[in-house]
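A structural walkthrough
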Amino acid sequence: MSNDLKNNVKKHIPKDWLCELRILYRLAKETFNDIRRTGWVNIVIITTMAAILMIFATCFRTALSISSFSKEIGSALEISVYLKSSSDAKEAKAEIQQLQHVENITIIPKNESWTKLKNEMSLPNIDNPLPDTLHVKVDNPENLQEVFNNIKHISSVEDMSYAKDLANKIELVNHVVKTITVVVIAVMGLLTITIINNTIQLVIQSRKEEIEIMRLMGVSNWYIRFPFIMQGAFYGFMGSLLALFPLNSVQNGLLNVHKFFMVPSPSYAQNLVIIVMFSMSILFGAVGSFWCIKKHLQV
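Cut-off values and rules
Residues numbered from 1 in each chain as written. Predicted model: local features only at pLDDT ≥ 70, side-chain atom pairs only at ≥ 80, totals over all residues. Heavy atoms only, no water. Helix = DSSP H or I, 4+ residues; strand = E, 2+ residues; numbered from the N terminus. Buried < 20%, exposed > 50% of the residue type's maximum accessible area, 1.4 Å probe, protein only. Contact = heavy atoms within 4.5 Å. Areas by Shrake-Rupley, 256 points an atom, 1.4 Å probe, with all protein chains shown as cover. Expected span 1.5 Å × (residues − 1). Bend = angle between axes of the 7 residues up to and from the residue. Pairing = 2+ DSSP bridges. Axes fitted to C-alpha atoms, helices over the stretch in contact; angles between N-to-C directions.

Along the protein, the regular secondary structure elements total 10 helices and four strands. For the protein, the sequential pattern of α-helices and β-strands runs α-α-α-β-α-β-α-β-α-β-α-α-α-α. Out of the 299 residues in the protein, the part that is buried amounts to 37%. Here the contacts in the protein between residues at least 6 apart in sequence split such that 83% fall between residues at least 24 apart. For the protein, the exposed surface amounts to about 18,400 Å²; the carbon and sulfur share of it is 61%.

Following this line, the structure appears as structure tokens:
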């Protein structure tokens, strides 16, 4: 009943925006003071986090390039479909075009294939033994086997082939790259949270008496927690900012590799890495602080 009364009273109290701004200013000042109290340790924390984030950003950016290479190679893979002599190539194309993941189909008439083969090789004057062929392009290398199995059941198809080993290797590379990225993110998160946890613990110990006085005075728990959480987020932000410099060198190196192999680099890659790096470092920094508060400070 008392809680309902308290909430009801709060609703009728006019908001004092100036007071709220003063509170925010006070919280920002407390955060700055906590960072200043940490002293030279701040440099160690920020540089350590920058090194961790640099490893993460390098792996993530490289993974995006490897995925781009795999996709480029995979897009060149095609399923060769050999039709029965009595089949109509256009009808077969229309039927295959309805299947999922089929991106494009090219008809290679048997006369064209036979003429090309005779130009390349010395062949006797015999009737054309080659069938009409369809080159089926799939939207993603991972879907090659699925499309292959679906085409197999079409009655007009005599035989089929595609570079299965290469497709499997491309799929394996993509799987390994994704797994490594997830592992690196997990390790980065664990290390970041551990570093922030230990740092905030030291700050809490140095301010223990001050915090106890604030609690006895009835100061809000979030007022006590907020500066610590912001300090953790600050370390994450500064670590990411410092990691940008070596990341640019990695970006330039990868761009040169893409140019050398004439494979287009993902246009979004660098911006995506930067956004993810800053977001995750700030989040892990804040979470590390929050967990430390929950563990060492009962507010």
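Still more to cover.
What follows deals with helix α9 (residues 221-261). Compared with the 60 Å implied by 1.5 Å per residue over 41 residues, the 57 Å span of α9 between its first and last C-alpha is a close match. Where α9 bends most, at F245, the angle is about 40°, and the proline P246 comes one to four residues later. Directly after α9, the chain includes M262, whose backbone phi takes a positive value near 55°.

What follows covers the environment of N143. Along the chain, N143 turns up in the loop between β3 (133-138) and α6 (144-152). Distance from N143 to H101, taken between C-alpha atoms, is 6.8 Å for residues 42 residues apart in sequence. When sequence neighbours within four positions are dropped, the list of residues in contact with N143 reads H101 and V138.

This brings us to the pairing of β3. One ladder, built from five bridges, connects strand β1 (residues 78-83) with β3; its direction is antiparallel. In the sheet register, V81 faces β3, and the bridge partner there is L134. Relative to β3, strand β2 (residues 102-108) runs antiparallel, the two sharing six bridges. Looking at β3, one finds that N104 is bridged to K137.

What the four strands build is an open sheet, ordered β2-β3-β1-β4; its pairing is antiparallel. Lying at the two open borders of the sheet, with one neighbouring strand each, are β2 and β4 (157-161). Taking the axes of each pair of neighbouring strands and ignoring which way they run, one obtains an average angle of 25° across the sheet. Strands in contact with α6 are β1, β2, β3 and β4; relative to β4, the strand with the most contacts, it is inclined by about 165°.

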